[in-house]
Amino acid sequence: MLALHLANRLLFHSSNAFARFVTWVSFIGLILGVTILTVVVSVMNGFDHELRARLLSTIPHVTIDADDLNAQLAEQVPKGARVSRYFQGLGALNSRGRVYPMTLYGIDPDAENQKSLIDGLSPEVILRLKRNPNGIVMGAPLVRMLRVEQGDAVRLMTVDVSTTAVQPRILNFALEGEFSFGAETDYSLVVINLNKFASEQWRAMGDLGLQIQLPDPMLAGQLVERLQASSDGLAIASWETRYGELFQAVQLEKSMMFVLLLLVVAIAAFNIIAGQSMLVEDKRQNIAILRTMGAKPRLIRQLFFFQGAIVRLSGTTLGLVLGLCSSIFINDIMAGIEFVSGMHLLDGSFFVEIP
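Residues numbered from 1 in each chain as written. Predicted model: local features only at pLDDT ≥ 70, side-chain atom pairs only at ≥ 80, totals over all residues. Heavy atoms only, no water.

*Asks:* How should I be thinking about the overall build of the chain in this particular structure?
*Replies:* Across its full length, the chain carries 12 helices and nine strands. Burial analysis of the chain (355 residues in total) assigns 43% to the buried set. Taking the intrachain contacts of the chain between residues at least 6 apart in sequence as the baseline, contacts between residues at least 24 apart amount to 73%. Element-wise, carbon and sulfur atoms account for 61% of the exposed surface of the chain, whose accessible area totals about 20,200 Å². (Helix = DSSP H or I, 4+ residues; strand = E, 2+ residues; numbered from the N terminus. Buried < 20%, exposed > 50% of the residue type's maximum accessible area, 1.4 Å probe, protein only. Contact = heavy atoms within 4.5 Å. Areas by Shrake-Rupley, 256 points an atom, 1.4 Å probe, with all protein chains shown as cover.)

Here it is in C-alpha cells:
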C-alpha cells in the first residue's frame with residue numbers, strides 16, 4: 001500500500017499544467033460525447049417506436065386476396081389476431097380549387113371485432129358508420145381544411161377499371177366522424193363502409209380481400225410465409241412489402257447517427273491516450289526513481305493503464321447518467337431552449353412532444 005501511495009504521488013500529480021489541462025478536457029469531452037450519444041439514440045428510438053405504432057395502427061398487417069379463409073388457412077392464424085374484410089383504393093377530394101389525393105380504406109362495421117378494425121377509431125364513430133352505408137370518416141386536419149361538419153356531404157372521385165377503359169367515378173358520402181392518429185394518415189386516409197357497394201364494384205375501384213391485424217406486427221413476415229405455404233397461389237402480402245423500405249431507411253439513419261456520434265467518443269478516448277502520453281513524458285524522472293527503488297516496468301505500466309481506465313470508466317458512467325437523465329427530461333429541456341430561442345423545433349411535424 002505504501003508503494004502504491006508513493007507511486008501515485010510520484011506519477012499522477014503532474015506539475016505540467018498543459019498535461020493536466022489535456023487530461024481534464026479529454027475527461028469532459030468523453031462525458032459530453034457519451035451524453036450526446038445516449039440522448040440522440042434514445043430520442044431516435046422513441047421516434048422509431050412512435051412511427052411504427054402510429055402507422056401500423058392504420059394499415060393492414062397482412063392482406064389476403066380472398067373473400068374468406070378456408071380451414072387450412074384459418075389454422076395458421078395465431079390467437080389474438082383479428083380477421084376482417086377490407087378495401088383499399090385511391091381517390092381524390094376537391095376543395096376550393098385544390099385536389100387532395102386520398103387513400104380509401106373500407107371496413108366492415110358489421111364484423112364481430114368492429115371495435116378493433118382500425119386502432120384509434122372510437123366505437124361511437126364505427127356505430128354511426130354502421131348505421132349509414134354512405135358514411136365517411138376523415139382525419140381531423142382534413143375536416144378542418146374542408147370546413148365540413150358531421151352530416152355534411154362529401155364528394156370523392158376515384159377510378160373505375162371494370163370496363164376496358166379507365167373511367168372516373170364520383171362517390172357521394174356523408175361525414176360521420178373524424179379521427180386523429182398524429183401521423184400522415186390524418187391528411188391522406190378516409191374510412192368508408194364496405195356495405196355501400198357489392199364486392200364486384202369495390203374490386204373495380206381497388207383491392208378487396210381479407211386483412212389480419214396481429215397482436216405483434218413484427219410477426220407479419222412469418223405469418224405470410226406460413227399462409228403462402230398453405231394456400232393455392234393466393235396473393236398474400238404483409239405491411240413490410242409496402243412500408244419495409246421506410247423502416248429500413250429509419251434504421252439506417254439510426255445506425256449512421258450512432259456511428260458518427262461514436263466517433264466523437266473515440267476522439268475523446270484518443271485525447272485521454274494523448275494526455276497519458278504527456279503524463280509519462282512529464283514523469284520520466286519519477287519513473288526512474290521508482291525503477292531505482294525496485295519497481296518493475298510491468299508495475300509502472302499497469303499503474304498508468306489503471307489511471308487511464310479510471311478516467312474512461314468514470315467519464316463513461318457520468319456520461320450515461322447525464323444522458324439518461326437528459327432523455328427522461330428531454331421535453332423540459334427543449335421547452336427551456338424554445339423559451340430562450342423563441343423557436344419551436346417540432347412545428348410542422350405530427351408530434352407535440354419528443355418521444
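*Asks:* Could you clarify how one ought to interpret the pattern of salt bridges in this entry?
*Replies:* Pairing is possible between side chains of opposite charge, provided their charged atoms come close. Applying the stated criterion across every chain, the model contains four salt bridges. The salt bridge involving Lys-254 is made with Asp-48; its shortest N-O contact spans 3.4 Å. Pair noted here: Lys-254 is in helix H9 (residues 239-282) and Asp-48 is in helix H2 (residues 17-56), with a separation of 206 residues, a long-range link. In this structure, Lys-254 and Asp-48 share a single accessibility class: buried. Where Arg-203 meets Asp-65, a salt bridge forms, and the shortest distance between an N and an O atom there is 3.4 Å. Pair noted here: Arg-203 is in helix H7 (residues 199-205) and Asp-65 is in the loop between strand E1 (62-64) and helix H3 (71-76), with a separation of 138 residues, a long-range link. We classify Arg-203 as partly exposed; its relative accessible area is 34%. Through salt bridges with shared partners, a single ionic network connects Asp-48, Arg-52 and Lys-254. (Salt bridge = Lys/Arg side-chain N within 4 Å of Asp/Glu carboxyl O.)

*Asks:* How should the environment of Leu-55 be read in this particular structure?
*Replies:* Its place among the elements puts Leu-55 in helix H2. By relative accessible area, Leu-55 is classed as buried at 12%. A C-alpha to C-alpha distance of 9.3 Å links Leu-55 and Tyr-243, two positions 188 residues apart in sequence. In this view, Leu-55 contacts Tyr-243, Leu-246 and Phe-247; residues no more than four positions away in its chain are not counted.

*Asks:* Help me understand a nonpolar patch on the surface, please; the structure alone is not making it clear to me.
*Replies:* Nonpolar side chains collect at one region of the surface, where Met-257, Phe-258, Val-259, Leu-260, Leu-262 and Leu-263 lie side by side and expose about 500 Å² of accessible area between them. By the secondary structure assignment, Leu-260 is in helix H9. Overall, the relative accessible area of 47% leaves Leu-260 in the partly exposed class. (Patch = residues over 30% accessible without salt bridge, like charges linked within 9 Å, V, L, I, M, F, W, Y side chains within 5 Å.)

*Asks:* Before we go on, may I ask you to explain the packing of aromatic side chains in this structure?
*Replies:* Counting across every chain of the model gives three aromatic pairs. Relative to Tyr-105, the ring of Tyr-86 lies with its centre 6.5 Å away and its plane at 35°, an arrangement referred to as tilted. With Tyr-86 in strand E2 (residues 82-95) and Tyr-105 in strand E3 (residues 98-107), the pair connects residues that are 19 residues apart, well separated along the chain. You can call Tyr-105 buried: its relative accessible area is 2%. Centre to centre, the rings of Phe-197 and Trp-202 are 5.2 Å apart; their planes meet at 70°, and the pair counts as edge-to-face. (Phe/Tyr/Trp six-rings, centres within 6.5 Å; stacked < 30°, edge-to-face > 60°.)

*Asks:* I tried to follow the side chain of Asn-132 on my own but got confused; where do I start?
*Replies:* Tracing the backbone through its elements, the reader meets Asn-132 in the loop between helix H4 (123-131) and strand E4 (135-139). Within the structure, Asn-132 has its side chain in polar contact with the backbone nitrogen of Asn-134 (distance 3.0 Å). Other than its neighbours up to four places away in sequence, Asn-132 contacts Ala-174, Glu-176 and Asn-193. (Polar contact = N/O pair within 3.5 Å; in protein donor to acceptor, adjacent residues only side chain to side chain.)

*Asks:* What exactly am I supposed to notice about the nonpolar core here?
*Replies:* One broad rule of soluble globular proteins: the nonpolar side chains tend to lie buried together. In terms of nonpolar packing, the biggest core is built from 23 residues, with Phe-87, Leu-93, Ile-136, Met-138, Val-190 and Trp-202 touching the most fellow members. Put simply, the parts of the chain that give this core at least two residues each are E2, E3, E4, helix H5 (140-146), strand E5 (153-160), strand E6 (167-179), strand E7 (189-193) and H7. Once you skip the residues sitting within four places of it in the chain, Trp-202 turns out to touch Phe-87, Ile-192, Asn-193, Leu-194, Lys-196, Phe-197 and Leu-208. In this structure, Leu-69, Leu-73, Ile-212 and Phe-247 belong to the second largest nonpolar core, which totals 21 residues. (Core = buried A, V, L, I, M, F, W, Y, C linked by side-chain atoms within 4.5 Å.)

*Asks:* I keep staring at the pairing of E6 and nothing clicks. Help me out?
*Replies:* Bridge analysis of E4 against E6 gives five bridges, and the strand direction is parallel. The partner of Gly-139 across the bridge, within E6, is Phe-179. Strand direction decides the pairing type here: E5 and E6, joined by eight bridges, are antiparallel. Pairing of Leu-156 across the sheet is with Leu-171, part of E6. (Pairing = 2+ DSSP bridges.)

*Asks:* So what exactly am I meant to see when it comes to the environment of Asp-48 here?
*Replies:* Residue classification places Asp-48 among the buried residues on the basis of a relative accessible area of 9%. For Asp-48 and Pro-355, which are 307 residues apart along the polypeptide, the C-alpha to C-alpha distance reads 9.1 Å. One polar contact links Asp-48 to Lys-254, side chain to side chain, over a distance of 3.4 Å.

*Asks:* Explain unusual backbone geometry here, please?
*Replies:* Keep in mind that most residues, glycine aside, have a negative phi and that most peptide bonds are trans. Phi at Arg-147 is positive, roughly 55°, even though this residue is not glycine. Checked against the element boundaries, Arg-147 lands in the loop between H5 and E5.

That is the geometry; function is a separate question.
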